[in-house]
Amino acid sequence: MPTSPSDPSLALTPQTLVSIDPATGEPVGEILVTPEDHIPQMVRDARIAQRSWGAMTMEQRGDILKSAVPHLVEQAQRIGELLTREMGKPRAMGIGEATYCAKGIPEEVDSIAEALEPEILEDDALRTTMRFDPYGVVAAITPWNFPLLMVFQSVIPALMAGNTVLLKPSEETPLVAREWVAGLNEFLPPNVLQLVIGDERQGKALVEAPIDLVVFTGSREAGKHILREASGGLKRVILELGGKDPMIVLGDADVDAAAAFAARNSFRNTGQVCVSTERIYVDESIADAFTEKLAEKAAAMKVGPGMESGVEIGPMINRRQKDHVVDQVEASVREGARVIMGCHGPDDAGDGNFLPLTVLADVDHDMEIMREETFGPVACVMSVRSDDEAVRLANDTRFGLAACVWGESSHAEEIAGRLTAGMIGVNQGCGGAEGSPWVGARESGFGWHGGRYGHRQFCQVRTISRSRKND
Ligand code: NAD
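Parameters and conventions
Residues numbered from 1 in each chain as written. Predicted model: local features only at pLDDT ≥ 70, side-chain atom pairs only at ≥ 80, totals over all residues. Heavy atoms only, no water. Helix = DSSP H or I, 4+ residues; strand = E, 2+ residues; numbered from the N terminus. Rg over C-alpha atoms; globule rule 2.2 N^0.38 Å. Buried < 20%, exposed > 50% of the residue type's maximum accessible area, 1.4 Å probe, protein only. Areas by Shrake-Rupley, 256 points an atom, 1.4 Å probe, with all protein chains shown as cover. Lys, Arg positive; Asp, Glu negative; His and termini not counted. Charge placed at Lys NZ, Arg CZ, Asp CG, Glu CD. Pairing = 2+ DSSP bridges. Axes fitted to C-alpha atoms, helices over the stretch in contact; angles between N-to-C directions. Contact = heavy atoms within 4.5 Å. Phe/Tyr/Trp six-rings, centres within 6.5 Å; stacked < 30°, edge-to-face > 60°. Near = heavy atom within 4 Å. Polar contact = N/O pair within 3.5 Å; in protein donor to acceptor, adjacent residues only side chain to side chain. Nonpolar A, V, L, I, M, F, W, Y, C, P; charged D, E, K, R; others polar. Domains from an automatic or database assignment. Buried area = accessible area lost by both parts, 1.4 Å probe. Salt bridge = Lys/Arg side-chain N within 4 Å of Asp/Glu carboxyl O. Expected span 1.5 Å × (residues − 1). Arc of directions from axis to C-beta.

1. Points about the overall build of the chain
A count of helical and extended segments in the chain gives 15 helices and 21 strands. The C-alpha radius of gyration of the chain comes to 23 Å, within 12% of the 23 Å expected for a compact globule of 471 residues. Along the three orthogonal principal directions, the C-alpha set of the chain runs to about 70 × 60 × 40 Å. Counting all 471 residues of the chain, 56% fall into the buried class. Accessible area of the chain: about 19400 Å², with a carbon and sulfur share of 51%. The chain carries 45 positive and 69 negative side-chain charges, and their two centres are separated by 6 Å.

Rendered as structure tokens:
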């Protein structure tokens, strides 16, 4: 595999992939790449393993997954630090993610088991049992921004449903995925969970292989490609894609609370979160006060290497992603955006993969930065004259992942009801009560994860009906 000169974070040779620390540019380790022509045999092995894995009861599968928990918990600090070195997020967050992906298994397993219990439907004449059966072999393809969480939310529901899984983690974060998979594989039967290492070539080969369901989390463009490829074989597809999430700040909002949230949600994980706040529409009566407070909060955040104590914001994942963000900022400044703090373009964009936290005002929808996903530490503030204008602009997008509205609660809830995103928060982020799905509208998703209906998407639904005459 050739090394891409435009992307020094990836160094692919014919046999190995070198994972690079985005904070230092140093190698973290290397891993063997899966030859694409091995994938069909891996799928055959997965299909054979599926017969006995799928024949187990859900309780048996759950018990096996739960038995891995003590081992994964014991390893969580080491795996979390590896996550930080491989992907850049602050150490506490890396360890937090690794810990959740270990300790969170039992709760996830139990909620999936409950969601997949057969459901009985009855009318006067018929009794129908609705069953949730495995599809067979699942291809799980995941991104780097939450390199374990995204793996966890794809793999655990797929396995619990009785499928076997071929997991292809991001080429940016293969080492941390390998550690988590190795931890589970000490307890799983052979070939129930296999690892495919590589970049989009391996991802494409996996989608083309005779698998039954693709569970993909990543960019909109890759998602569209997967949907097209999968359509030939009518393979099932679940896509969790990118966003351009709006935040509306109404004239009656608590400015301090809204600004604190905007800073947190624009910059956490260096803005590399699918539900980052990427567009902020603020009522003109409070726009200046809000922007000033947002900049104040941002200035107090410490940017640096994730392994350093006190750091809240790490580097960008790689040079390519940094250049994409800097290009968007530079173009918007050229088109009239005002830099409240942070960078204007390449000249003041910081060292290596680090990027100063940036707040822009006077942006508009002619600018790419208000239309296409940024996925970087930039907060874009636009002053609006009315609620109607805020709603119109917030909905003026092809994306539809999350959104939030800040203001007096009944007023904000009414505005929230007019937004077209999949997950909308009122005076908070997008997270819902236990059992809520993770769902994107429009081009941010196709199918969804989590909750009763999300878990059921990893299954083939079947109905068995009989007469009630003799009941
Ligand atoms: P990406 O689409 O470049 O890559 C994601 C994965 O898909 C990687 O493993 C990659 O190797 C593979 N891949 C790329 N092209 C492929 C193709 N044509 N066929 C098969 N596999 C392919 O995305 P990324 O840069 O790793 O992640 C960032 C993106 O993920 C952002 O757009 C972000 O919003 C999105 N994301 C969405 C969610 C969500 O829940 N909606 C969560 C996290 C990230």
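Next comes the rest of the account.
2. Structural notes on unusual backbone geometry
In this model, N269 sits at a positive phi of 55°, which is unusual for a non-glycine residue. If you trace the backbone, N269 turns up in the loop between helix 10 (255-267) and strand 12 (277-283). The exposure class assigned to N269 is buried, which follows from its relative accessible area of 4%. We note that N427 has phi near 55°; this positive angle belongs to a residue other than glycine. On the secondary structure map, N427 appears in the loop between strand 17 (423-426) and strand 18 (438-439). When its relative accessible area of 30% is taken as the criterion, N427 is described as partly exposed.

3. Details of the sheet that holds strand 12
Strand order in this open sheet of seven strands is 13-14-15-12-11-16-17, and the pairing throughout is mixed. The strands lining the two open edges of the sheet, one partner per strand, are strand 13 (338-341) and strand 17. On average, each strand axis in the sheet is tilted by 20° relative to the strand beside it, whichever way the strands run. As paired elements, strand 13 and strand 14 (residues 358-361) share three bridges and run antiparallel to each other. The partner of R338 across the bridge, within strand 14, is A361. Contacts from helix 10 reach strand 11 (245-249), strand 12, strand 14, strand 15 (378-384) and strand 16 (402-406) within the one sheet, and its direction differs from that of strand 12 by about 160°.

4. Quick notes on the packing of aromatic side chains
Here the structure, examined in full by the defined rule, presents four aromatic pairs. Both rings, one in Y100 and one in F152, keep their centres 5.3 Å apart while their planes meet at 55°; by these two values the pair is tilted. Here Y100, found in helix 4 (residues 91-103), pairs with F152, found in helix 6 (residues 149-160); they are 52 residues apart in sequence, far enough to count as distant. Members of the aromatic cluster, connected to one another through ring pairs, are Y100, F152 and W180.

5. Topic: the sheet that holds strand 21 (residues 459-467)
An order of 4-5-21 is seen for the three strands of this open sheet, with the pairing classed as antiparallel. What marks the edges here is a single partner per strand, and that holds for strand 4 (119-122) and strand 21. The sheet shows a mean angle of 25° between the axes of neighbouring strands, taken without regard to direction. Summarising the sheet, strand 5 (residues 126-134) and strand 21 pair through nine bridges and their orientation is antiparallel. Each residue of the ladder has a partner; that of R131, found in strand 21, is R462.

6. Here we look at the site of the ligand
In the vicinity of the ligand lie 29 residues, with E171, S219, L241, E373 and W438 positioned nearest. The contact in question runs from an oxygen atom of the ligand to an N or O atom on the side chain of S219, over 2.6 Å. The side chain of E373 places a nitrogen or oxygen atom 2.6 Å from an oxygen atom of the ligand. Of all elements in the fold, only helix 8 (200-208), strand 9 (213-217) and helix 9 (220-232) reach the threshold of two or more residues within the shell around the ligand. In terms of residue class, the shell around the ligand is built from 13 nonpolar, nine polar and seven charged. Of the residues that make up the shell around the ligand, three or more belong to each of domain 1 (11-241 + 442-464) and domain 2 (245-434).

7. Quick look at the domain arrangement of the chain
You can read the domains of the chain as domain 1 (11-241 + 442-464) and domain 2 (245-434). For domain 1 and domain 2, the distance between their C-alpha centres works out to 30 Å. The interface of domain 1 with domain 2 comprises 23 residues on the first partner and 29 residues on the second. Summed over the three residues of domain 1 that lose the most area to domain 2, namely W144, R220 and R442, the buried surface amounts to 28% of that side. The tally of links between domain 1 and domain 2 comes to three salt bridges. Among the ionic pairs, R398 bridges to E443, the shortest N-O distance being 3.9 Å. Across the domain 1-domain 2 interface, the total number found is 11 residue pairs in polar contact (both at pLDDT 80 or more). Within the residue set of the side of domain 1 that touches domain 2, elements represented by two or more residues are helix 3 (69-87), helix 4 and helix 9. With five residues, the top contributor of residues to the side of domain 1 that touches domain 2 is helix 3. Of the residues assigned to the side of domain 1 that touches domain 2, the class counts are eight nonpolar, four polar and 11 charged.

8. A closer look at the side chain of S276
Its place among the elements puts S276 in the loop between helix 10 and strand 12. Overall, S276 belongs to the buried group, its relative accessible area being 2%. Within polar-contact distance, the side chain of S276 engages the backbone oxygen of G271 at 3.2 Å. Contacts of S276, omitting those with residues within four sequence positions, involve D245, N265, S266 and G271.

9. Concerning helix 9
Three or four residues apart is the spacing at which side chains of an α-helix point the same way, because the helix has 3.6 residues per turn. Taking 1.5 Å per residue as the helical rise, helix 9 with its 13 residues ought to reach 18 Å, and the 19 Å between its terminal C-alpha atoms agrees with that figure. Along helix 9, the positions that sit buried rather than exposed are R220, G223, I226 and A230. Seen end-on, helix 9 carries its buried residues on one side only, within an arc spanning 115°. Projecting away from the buried face of helix 9 at angles above 90 degrees are the exposed residues R228 and G232. One or two steps after helix 9, the chain reaches L234, where phi turns positive at roughly 45°.

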